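Structure at a glance
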Amino acid sequence: MAKTNERGITPQSEDFSAWYNELVLRAELADRGPVRGTMVIRPYGYRIWELLSGELDRLIKATGHENAYFPLFIPESHLRREAEHVEGFSPELAIVTHAGGEDLEEPLVVRPTSETVIGEMYARWIDSYRDLPVKINQWANVVRWELRPRLFLRTTEFLWQEGHTAHATEEEAVAEMMVAADFYQAVAEGFAAMPVLVGDKTPSERFAGAVRTVSLEAMMRDGRALQAATSHYLGTNFARAFGIEYTGIDGVRALCHTSSWGMSTRMIGGVIMTHGDDRGLVLPPRIAPHQVVVVPIGREGELGPVMAAAEALAAELTRTGVRVHVDTRTHVSAGFKFNEWELRGVPVRIELGPRDLAAGSAVVVDRLTGTKTPLPMAEVSATMPARLDAFQTALFDRARDFREAHSATADTLDELAEATATGFAWAFLCGDPACEKTIQERTGATPRCVPRDGAAETGRCVACGGPASYGRRLVFGRAY
RNA sequence: CGGGGAGUAGCGCAGCUUGGUUAGCGCGCCUGCUUUGGGAGCAGGAGGUCGCGGGUUCGAAUCCCGCCUCCCCGACCA
């Protein structure tokens with residue numbers, strides 16, 4: 001365990017996971033629940049989730065999906081209908097065997113995901129090609145029993161959104177999978193300022209029961225990969241298992257092609273590990289609960305006018321659409337507040353004291369650079385939206401530059417091991433799962449995805465030297 | 001599940017080896033006064049089933065046995 005004085009947090013370079021744990025707790029994003037692996041999302045963390053999920057919800061609706069809600073409990077027998085699916089999830093299921101004071105006739109599984117219940121219902125609702133496509137999303141909690149929990153990254157219960165669609169053809173279902181991947185990328189890059197590589201999973205990394213899985217992979221500041229969201233083309237696997245069929249225009253009975261896609265509270269963990277530094281969290285303005293915090297400074301006698309000016313400035317900022325918070329606490333010092341709001345990742349701090357009032361100005365402080373800029377009061381709110389936009393862009397650019405600086409092509413296992421020790425490796429793979437296994441055993445890294453933007457290229461498998469599949473290099477990394 | 005570490009006040013810890021007053025320290029908390037431009041000061045105060053159960057003993061936070069929980073590192077996962 002790394003040492004830390006009671007005021008600071010363990011530096012990233014000393015112990016990244018200690019840094020992460022301390023930060024989540026100290027910034028009051030979340031706390032551990034009484035049951036191992038469970039998490040309480042505190043108001044500050046939940047607000048981030050609201051901002052993130054609000055944007056995603058808007059995009060989901062804008063692409064023609066409707067929200068609904070399906071039950072938490074799934075009859076165990078239903079889950080068993082899709083063989084690969086059960087097999088994939090069985091080690092992490094929570095099962096209720098006793099309820100209402102009696103043993104249940106049939107155990108109930110607490111949903112680890114809802115393909116099965118939703119499939120069951122779709123089978124009931126879909127009769128004709130005229131009923132298609134069905135495009136439904138739900139916001140829900142799911143439970144996957146975790147052996148090694150981490151707040152936000154891997155908790156036994158987590159919040160997410162799961163979209164489930166049914167289509168007449170493979171082309172439509174695959175296109176749907178890509179629509180979802182696109183809006184996930186828009187949220188990750190445009191709001192979380194987290195650059196992602198989007199592409200197919202290899203068969204061994206695919207979702208249990210899927211024909212294709214597309215994931216978004218981001219690099220954390222310790223060089224490891226985080227899967228930020230996934231989107232699946234399920235083929236007719238679930239349609240066959242649950243009887244999701246329609247009669248076509250030609251009168252022929254056919255199986256639907258389905259898709260599913262999800263983004264979870266893990267994204268918050270990604271934000272923390274993409275942007276945070278040794279002083280604490282750094283939040284992208286678009287998902288920051290407070291984009292600006294005003295810290296009034298002054299002795300008791302002179303605090304009145306300062307507070308009044310702070311409130312007036314805040315009102316002005318609110319009018320320009322900025323989320324602003326005035327820290328009116330009088331029992332902690334100004335210096336304490338500076339440190340605390342830096343720890344909690346507020347993009348811009350405004351210091352306002354008697355000296356500023358006299359000069360008709362305020363001091364604007366940037367969380368990323370620490371730069372303090374005295375500005376005439378009138379300019380503070382006028383320039384704030386642009387300042388926040390620039391901050392958002394700077395965060396994204398910094399994260400992308402970091403990823404590029406920690407990525408390398410690898411044509412041998414040694415090169416792959418070296419690159420993935422600190423970041424990503426781009427390498428060829430033949431497609432044999434045995435080679436993936438070899439690579440993981442030798443380097444700890446796994447293929448994260450086949451980046452859809454990767455340049456077309458051919459070569460030899462980094463593990464066996466055989467001819468490469470996929471027509472391009474895959475990204476490898478050590479995964480969270 | 002395997003390996004390592006830890007359970008003592010809200011948080012972080014000392015005390016345990018070598019049993020013995022009323023279990024300490026820092027931070028935080030409460031009250032008052034002074035303070036406030038980078039984690040304020042002084043004074044006073046509150047706060048403890050020493051993880052749980054059993055045992056040894058005149059006497060256990062301390063020694064012995066059993067159990068539970070949490071954290072970290074490895075194999076599966078959004």
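What you see is a predicted model, and the numbers here were worked out from it, not measured in a lab.

Thresholds, definitions, all that
Residues numbered from 1 in each chain as written. Chains lettered and ligands numbered in written order. Predicted model: local features only at pLDDT ≥ 70, side-chain atom pairs only at ≥ 80, totals over all residues. Heavy atoms only, no water. Core = buried A, V, L, I, M, F, W, Y, C linked by side-chain atoms within 4.5 Å. Buried < 20%, exposed > 50% of the residue type's maximum accessible area, 1.4 Å probe, protein only. Domains from an automatic or database assignment. Contact = heavy atoms within 4.5 Å. Pairing = 2+ DSSP bridges. Helix = DSSP H or I, 4+ residues; strand = E, 2+ residues; numbered from the N terminus. Axes fitted to C-alpha atoms, helices over the stretch in contact; angles between N-to-C directions. Buried area = accessible area lost by both parts, 1.4 Å probe. Salt bridge = Lys/Arg side-chain N within 4 Å of Asp/Glu carboxyl O.

**Regarding the nonpolar core**
If you look at the biggest cluster of nonpolar residues, it comprises 62 residues, and the most contacted ones within it are Leu29, Phe152, Tyr184, Met263 and Ile272. Summarising the domain contributions, this core has at least three residues from each of domain 1 (16–275) and domain 2 (290–387). The contact partners of Phe152, leaving out residues within four places of it in the chain, are Tyr20, Val24, Leu29, Ala30, Met39, Ile41, Thr265, Arg266, Ile268, Gly269 and Ile272.

**With respect to the sheet that holds strand 15 (residues 292–296)**
Spatially, 16-15-17-18-19 is the arrangement adopted by the five strands of the open sheet, whose pairing is mixed. What marks the edges here is a single partner per strand, and that holds for strand 16 (324–326) and strand 19 (372–376). Across this sheet, the average inter-strand angle for adjacent strands is 25°, counted without regard to direction. Taken together, the five bridges between strand 18 (residues 361–366) and strand 19 define a ladder with antiparallel strand orientation. If you follow Val365 over to strand 19, its bridge partner there is Lys372. Contacts between helix 12 (residues 377–405) and the sheet are confined to strand 15, strand 17 (348–352), strand 18 and strand 19, with strand 19 contributing the most and set at about 135° to the helix.

**Quick notes on the domain arrangement of chain A**
Note: interface size is frequently given as the accessible area lost on complex formation between the parts. Taken as a whole, chain A is organised into domain 1 (16–275), domain 2 (290–387) and domain 3 (408–477). Here the C-alpha centroids of domain 1 and domain 2 sit 40 Å apart. Each side of the interface is counted separately: domain 1 has seven residues, and domain 2 has five residues. Overall, the association of domain 1 and domain 2 removes approximately 580 Å² of surface from exposure, summing both partners, and the carbon and sulfur fraction of that is 55%. Where domain 1 touches domain 2, the interface holds one salt bridge. Arg344 is the salt-bridge partner of Glu28, the closest N and O atoms lying 4.0 Å from each other.

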